[in-house]
Amino acid sequence: GGGLAVVGAAFQGIFRNPLADPHILGVSSGAAVGATIAIILSEAIGLSAHFLGLGTIGIFAFVGALLTVFIVYHVAKLGGEISTVSMLLTGTAISTFLSAIISLMMTFNQKQIDKVYMWTLGSFSAANWDKVVFLALFTVIGSVILICYSQKLNIMMMGEEDAKSLGIDTDQLRRRIILVASLLVAAAVSVSGVIGFVGLIVPHCVRLMCGADNRKVMPASIFAGAIFLVICDTIARTVAAPTEIPVGVITSFFGAPYFIWLVWKRKRK
């Protein structure tokens, strides 16, 4: 929760788009493709692997997420400069393409549809301490690096030309933030599946309390995101006990209405 929230805050700043979230570059779709391939191969040939606390599905999801970001970045880079618009459009296009690949694989492997579907909803039901250690490593290091860039991020939010005139290499800053953020999101998605809306709504709520300064927003988002996701997971485990609802369903119940309200508010402005 903390990792997704701090990445959401960073992406909303670097793309100067309040609707940006951690999955905007297709990370979740890439992870879902990797997880789907792993689920199918595990059933077909009994494929089994373990690395740093991750099982076969987690490893494939992590690799799939990183490969997707690599592709999005290099496609958007064609022509020299990397613009915000090109990154967002490329991420959306590749994400849609990968979703189609998942649908195609599910069509030919209908016995695994339930497993794939449940993974894409996100859950902590398979949590263990090995995964906690793995994710904590990425979250702590990634969050510290992103917070170190918060002052430059404040300047960049004024506009790219203003940032360049103040001596900031905007392309390098964007590249570094995207790299660190993508690693963090890939780690989060690989251990829990796709959990939506955390990185979208938490930074906005924090800004209502702390203002727009990223030096305050990003550290506060880490704690707020963690608290929000713990609350959602508690609801998921208790509201229909003994059945556990995927935590991604609960976050969507909170996040979707907020997202609609945010779009409506922007249109009014």
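Coordinates for the structure precede this section.
These lines cover the structure that appears in this document, whether it is placed above or below. (Residues numbered from 1 in each chain as written. Predicted model: local features only at pLDDT ≥ 70, side-chain atom pairs only at ≥ 80, totals over all residues. Heavy atoms only, no water.)

1. Focus on the packing of helix α1 (residues 2–14) against helix α11 (residues 214–238)
For step 1, the next point in the chain: Running from N to C, α1 and α11 cross one another at 150°; their axes reach a closest spacing of 7 Å. Judged on the interaxial angle alone, α11 and α1 are roughly antiparallel. The crossing of α1 and α11 is right-handed. Contacts from Gly-2, Ala-5, Val-6, Ala-9 and Ala-10 in α1 reach Asn-214, Val-217, Met-218, Ser-221, Ile-222, Gly-225 and Ala-226 in α11. (Axes fitted to C-alpha atoms, helices over the stretch in contact; angles between N-to-C directions. Helix = DSSP H or I, 4+ residues; strand = E, 2+ residues; numbered from the N terminus. Parallel < 35°, antiparallel > 145°, perpendicular 65-115°, else oblique. Left-handed = near helix turned anticlockwise from the far one by under 90°. Contact = heavy atoms within 4.5 Å.)

2. Let's talk about empty space enclosed by the protein
For step 1, the next point in the chain: Counting across every chain of the model gives 1 cavity of 30 Å³ or more.
For step 2, the next point in the chain: Lining of the largest cavity is provided by Ile-14, Arg-16, Thr-84, Met-156, Gly-159, Glu-160 and Arg-174.
For step 3, the next point in the chain: A per-class count over the lining of the largest cavity returns 2 nonpolar, 2 polar and 3 charged. (1 Å grid on protein atoms, 1.4 Å probe; cavity = no way out; pocket = protein on both sides within 12 Å on 5 of 7 lines; lining within 4 Å. Points joined across faces, edges and corners; volume = space filled by probe spheres on them. Nonpolar A, V, L, I, M, F, W, Y, C, P; charged D, E, K, R; others polar.)

3. Observations concerning the environment of Thr-84
For step 1, the next point in the chain: By the element assignment, Thr-84 lies in helix α4 (residues 84–108).
For step 2, the next point in the chain: Overall, the relative accessible area of 16% leaves Thr-84 in the buried class.
For step 3, the next point in the chain: Distance in space between the C-alpha atoms of Thr-84 and Asp-21 is 14 Å, their sequence separation being 63 residues.
For step 4, the next point in the chain: The contact partners of Thr-84, leaving out residues within four places of it in the chain, are Ile-14, Phe-15 and Arg-174. (Buried < 20%, exposed > 50% of the residue type's maximum accessible area, 1.4 Å probe, protein only.)

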